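Residue strings, one per chain:
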Amino acid sequence: MLEVLVCPVTRGALVYDAVRQELVSRNAGLAFPIRNGVPVMLLDEARRLD
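Computed from a prediction, not measured in an experiment: that's the story for all the values here.

**A word on the pairing of strand E3 (residues 30-35)**
Reasoning step 1: Burial analysis of E3 places 5 of its 6 residues in the buried class, which makes it a mostly covered element.
Reasoning step 2: Pairing analysis gives 4 bridges linking strand E2 (residues 22-25) to E3, with the strands arranged antiparallel. Bridged to valine 24 within E3 is alanine 31.
Reasoning step 3: In sequence, E2 turns back onto E3 through a hairpin of 4 residues, with glycine 29 there showing a positive phi of about 70°.
Reasoning step 4: Both E3 and strand E4 (residues 38-39) contribute to a ladder of 2 bridges, which runs antiparallel. Note that in E4 the partner of arginine 35 across the bridge is valine 38.
Reasoning step 5: Between E3 and E4, which pair antiparallel one after the other, the connecting turn spans 2 residues, and asparagine 36 there sits at a positive phi close to 55°.

Reading guide: rules and limits
- Residues numbered from 1 in each chain as written.
- Predicted model: local features only at pLDDT ≥ 70, side-chain atom pairs only at ≥ 80, totals over all residues.
- Heavy atoms only, no water.
- Buried < 20%, exposed > 50% of the residue type's maximum accessible area, 1.4 Å probe, protein only.
- Helix = DSSP H or I, 4+ residues; strand = E, 2+ residues; numbered from the N terminus.
- Pairing = 2+ DSSP bridges.

Encoded structure:
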């Protein structure tokens, strides 16, 4: 399923972080949470990467 999902900001690829349960967009510098197995691809829910 990861091949189908893209970053809502850049439309670029996402990387799965199993430890943090997030989908990471390196180009946007954002991490989108996965809750109960469902990716939350809302900008308001994303965490900024340091």
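That shown, we press on.
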